Amino acid sequence: MSTTRPEVNERLAALTEAGTSPWLDQIRRSLVEGGELQRLIDELSLRGVTSNPSIFEKAILGSEDYDEDLKALAEEGCDAGEIFRRLSVRDIQLAADVLRPVYDETEHLDGYVSLEVHPRLARDTAGGTLQEARALWNEVDRPNVMIKIPGTSEGLKAIEEATYEGININVTLLFSVASYTNVTEAYISGLERRHAEGKDLDIHSVASFFVSRVDSKVDKLLSDPTTGSAGGARADLRGKAGLANARAAYRRFSEIFHGERFAELRAAGAPVQRPLWASTGVKNPDYSDTMYVDGLVAPETVNTMPMKTLLATGERAEVTGATAEEDPTDVLDALERAGIDLQTVTEELLDEGIETFAKSFDSLLSGVESQREAVVVGRPLTIDSSIPDDLESGLVERIKRAESEDVARRVWSKDESLWGGPGVPEVGNRLGWLTITDTMTEDLPQLMAWAEEVRGRGITDVVLLGMGGSSLGPEVIRRSFSRIDGAPALHVLDSTDPGAVRDVEARLDHEHAFFIVSSKSGGTIETLSHFKHFFALVGERGERFCAITDPGSPLEAIAAEHGFDRVWRNDPDIGGRYSVLSYFGLVPAALMGVAVDGLLHSAQVAEQNCAHHDSTAHNSGLWLGLALGELARQGRDKLTFVVSEPIASFGLWVEQLVAESTGKQGSGILPVADEPLLDPEHYGDDRVFAYLRNTDAPDAELDQKIRALGLAGQPTLTLSVQGVPDLGRLFFFAEFAVAVAGWVLEINPFDQPNVREAKDATNEVLKSGSVKDVPTGGAAELRELLGTVEPPGYVALHGWLAPSEEIDAAAGELRAAIMEKTHAATTFGYGPRFLHSTGQLHKGGPATGHFVQLVHDERDDIPIPGARYGFKTLEAAQALGDLRALEAHDRPVLRISLHGDPAAAIRKLAGELSG
């Protein structure tokens, strides 16, 4: 046989000649069907293949080899377990067929492919393990297959019984010589039973003894000064425990299978149970990559190697004799003197090995389930999800309806009939956000030139004065990008609390500050009050101000009257909460030094994706909107955001988008942002978890918690995020999805019919000239209120306080205490910010909310130039106005007055609630 690398063939042939059969510890469909397995047999003397859950996880989830089969099986209605079983059995069958000539030529010594029972059965006493071993053996239906059973004490009975029944067994996860000895006894007992009944003894087995993992653990102990006499002083023993332990096992093999115990069976033609050296890939780069091959050569053995080790063996292995027969006694004694207890080490390795394989198997099934679900519900592969079976069929029907009614195309066609029909206010004239990035891209040169000119004046601080859609997007951009070197700091003021106003004042260099007055309507009371205050503060210098507003608004006239540096006239066909990719978001971003072109580019990526009309599988925004809307219709109306850093503040913006767009006519989706993430038992059955996962820096703890929620039956939707520059894509993607969710909920996502109520109530209070005292409560009254709360009810905390990180953290503690007590969803918002965000849903959405106002007696007021009241009075009037609006809708409201430090008072309240 000719080969391009005869030297590789020679080394592996020498290994085989010495009695050690090289097997491959890897399997994948393309490896078999592409001819690579046959090449390895022909050129590298390969004699067998092993698999395990980790290998199948990488093969099925890490390649496209299985996509077509998986899709077909999903369409047949198979669940994840059935899909994996059929995919893996087919792989084993294909590989066994390729290896069948080896099996025949070696008279059944080699040519095997191994398939493992579920690792969670490792501690099962025979029953489930044996049942699955039988099922796999019968389904594969090949004589040259081995079923892998863990060599635990609980599995010994299954090993003996399967051997007796004529099933070839690969006993896996062996670490100790004692366990190996027990396994040989089980194998021999099974053969003896067959022999006594005159049955065929052509039953083959290997005992997989793990090697490199022993060194990994022992080397760590030898390097750890806390391990007594080891203390790092025995560096000469590193890398020797694995080989010594395996050689001790080979000695037991020789004693057992070449001694009296097996003599009768050997004489009757029974094959020995060969030791199989497993885990032979080197973990320590300082060691030779063939050390576990070179050091374990001996007759009647197998060495199963990862592909990398197999190739290295062909290139560099040195077969110098029966190295596995070398005496390990000196090394084992030295390890004992160094404080290494191999019995403890191997027991720990067994537990770890079982758990590792079990986790891989669980991850594999989870991944297969995700792909199955994607096929069934038409989900794009850019989103991962876990949707309970009882919710799946409704979503499937919703998707079919969306495709039949051509929803995606109609969104882009600005078809008003999707949301109520022509003539419905705030529909046809609220769709400018769909194409705003094209306009902004054209205007970008003048925007960036202006921003550079303003920064060139020595500006150190930029202050955005705005509310709701004018402030929340810029605040997310500010927090996500942080302070950019060489650019001014951006400050966002959307609070009427005097403490918040003073805090911004204190952080400014007043002589080098620039102000953005941002309001779509041009008449927002908070924004105009902020303008009056800061205009007076800087000596009425209009050139230090610019405005962002709709054409013809009152703010445009104010800007002209006061000599503003610039007025940015926004597209009037964009509502505030859809305006982040227009001037409302991009002007402050440009001034703080953000690469605005990058934001626009990533948004246009989302536009292109959402422009697909053929199916939800190609349109992520369409699918997400359908999922959110349909799940809400089925009672899962608490959309809980879990957002990775560095865009963890994304919830501030998306809260308004979701709540104000959907919360009306008695329906809606409650966005839950920045809520403590607890264990699954603390949640009701009204949740959907949206996980924005930073793939550049994955958070393992968050990953695990989301996985646990999915396993507990909570719907989870995972969206991949590639860092801060991906914000533009997320903004557009969310806007499109929420517009689609409006179609599902049969509401107009672009109006806000109940927002005016709190404003009118505030004006009535201000006209009265005084803010009357309102009864307040404390922990006892809060407990009473919470006694009536359970899912689908929720608790909304309203902080009429100066925003701070300390209050955010304290509010988190209070929310956790409420969740543990009620299992209900919680939200927290600062007033008056939330009035322009979740306030619409509070009054117009489902009547399931319970509201808690947290107020603090601010001692010193700040007057508002030209007004008969100050910021303290304005804030108090807004709080009272909102309370009256909620009461008018029969919403339960409790008002709690915080004394002293507000963060400490909130923490105290949380403690009293828990106690």
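Structure shown above.
Draft legend 1. Representation of the nonpolar core in the model. Core analysis: the biggest nonpolar cluster contains 98 residues, and W433, W450, W623, F650 and W653 have the highest contact counts within it. With 14 residues, the top contributor of residues to this core is helix α29 (residues 727-745). With near-sequence residues (within four places) excluded, W623 lies in contact with V377, G378, R379, P380, I383, S385, I387, L395, I399, T616 and L717. Formed by 88 residues, the second largest nonpolar core is a distinct cluster that contains I83, A95, V211 and F257.

Draft legend 2. Structural context of the side chain of D219. Its location among the elements puts D219 in helix α10 (residues 212-222). Despite its burial, D219 pairs with no opposite charge, the nearest such side chain being R238 at 5.9 Å. Apart from the residues within four sequence positions on either side, D219 is in contact with R238, G239, N284 and Y287.

Draft legend 3. Focus on the pairing of strand β5 (residues 169-174). Summarising burial for β5: six of the six residues are buried, a large majority. Judged from the four bridges that link them, strand β4 (residues 145-150) and β5 form a sheet pairing that is parallel. Each residue of the ladder has a partner; that of I149, found in β5, is V171. Crossover connection from β4 via helix α8 (residues 156-164) to parallel β5: handedness right-handed. Taken together, the four bridges between β5 and strand β6 (residues 205-210) define a ladder with parallel strand orientation. Bridged to N170 within β6 is V206. Taken together, β5, helix α9 (residues 177-196) and β6 form a β-α-β motif whose crossover is right-handed.

Draft legend 4. Spotlight on helix α34 (residues 871-888). For α34, which comprises 18 residues, the first-to-last C-alpha distance of 25 Å matches the rise-based estimate of 26 Å (1.5 Å per residue) to within 8%. Within α34, burial applies to F871, L874, E875, A877, Q878, A879, L880, G881, D882, L883, A885 and L886. After α34 finishes, the residue D890 shows a positive phi value of roughly 60°.

Draft legend 5. Looking closely at the pattern of salt bridges. Counting across every chain of the model gives 61 salt bridges. Measuring nitrogen to oxygen at the nearest pair gives 2.8 Å for the salt bridge that ties R372 to E392. Highlighted residues: R372 in helix α16 (residues 342-377) and E392 in helix α17 (residues 389-404), separated in sequence by 20 residues. Its salt-bridge partner being R507, residue D503 comes within 2.8 Å of it at the nearest N-O pair.

Draft legend 6. The arrangement of the packing of aromatic side chains in detail. One pass over the full model with this rule turns up 35 aromatic pairs. Each ring, one from F84 and one from F361, has its centre 5.3 Å from the other, and the planes form 90°; the classification is edge-to-face. Note that F84 is positioned in helix α6 (residues 80-105) and F361 in helix α16, a separation of 277 residues in sequence. With a centroid separation of 6.5 Å and an interplanar angle of 90°, the aromatic rings of Y180 and F209 are classed as edge-to-face. Residue Y180 is found in helix α9, and its partner F209 is found in strand β6; the two are separated by 29 residues along the sequence. Taking relative accessible area as the criterion, Y180 reaches 1% and is therefore assigned buried. Given the relative accessible area of 1%, F209 is considered buried. Grouping aromatic residues by their ring pairs yields a cluster made of W412, W419, W433, Y578, F732, F736 and F750. Positioned above the aromatic ring of W743, the side-chain terminus of R398 is 5.8 Å from the ring centre.

Draft legend 7. View of a negative patch on the surface. Taken together, the side chains of D330, D333, E336, D341 and E347 make up a negatively charged region of the molecular surface. In terms of residues, the negative patch owes the most to one element, helix α15 (residues 329-337), which gives three residues. As for its position among the elements, E347 is in helix α16.

Draft legend 8. Just the sheet that holds strand β8 (residues 301-305), in detail. The strand order around the closed barrel formed by eight strands is β1-β2-β3-β4-β5-β6-β7-β8, and the pairing between neighbours is parallel. If you compare each strand with its neighbour and ignore which way they point, the axes differ by 30° on average.

Draft legend 9. Layout of the packing of helix α30 (residues 755-768) against α34. α34 packs onto α30 with a crossing angle of 125° between their chain directions and a minimal axis gap of 7 Å. The orientation of α30 relative to α34 falls into the category oblique. Crossing of α30 against α34: the hand is right-handed. Taking contact as the criterion, the partners of E757, A758, A761, T762, V765 and L766 in α30 are, on α34, T873, L874, A877, Q878, L880, G881, D882, R884 and A885.

Cut-offs used in this document
Residues numbered from 1 in each chain as written. Predicted model: local features only at pLDDT ≥ 70, side-chain atom pairs only at ≥ 80, totals over all residues. Heavy atoms only, no water. Core = buried A, V, L, I, M, F, W, Y, C linked by side-chain atoms within 4.5 Å. Buried < 20%, exposed > 50% of the residue type's maximum accessible area, 1.4 Å probe, protein only. Helix = DSSP H or I, 4+ residues; strand = E, 2+ residues; numbered from the N terminus. Contact = heavy atoms within 4.5 Å. Lys, Arg positive; Asp, Glu negative; His and termini not counted. Salt bridge = Lys/Arg side-chain N within 4 Å of Asp/Glu carboxyl O. Pairing = 2+ DSSP bridges. Right-handed = clockwise from strand over helix to strand, strands pointing away. Expected span 1.5 Å × (residues − 1). Phe/Tyr/Trp six-rings, centres within 6.5 Å; stacked < 30°, edge-to-face > 60°. Lys NZ or Arg CZ within 6 Å of the ring centre and 35° of its normal. Patch = residues over 30% accessible without salt bridge, like charges linked within 9 Å, V, L, I, M, F, W, Y side chains within 5 Å. Areas by Shrake-Rupley, 256 points an atom, 1.4 Å probe, with all protein chains shown as cover. Charge placed at Lys NZ, Arg CZ, Asp CG, Glu CD. Axes fitted to C-alpha atoms, helices over the stretch in contact; angles between N-to-C directions. Parallel < 35°, antiparallel > 145°, perpendicular 65-115°, else oblique. Left-handed = near helix turned anticlockwise from the far one by under 90°.

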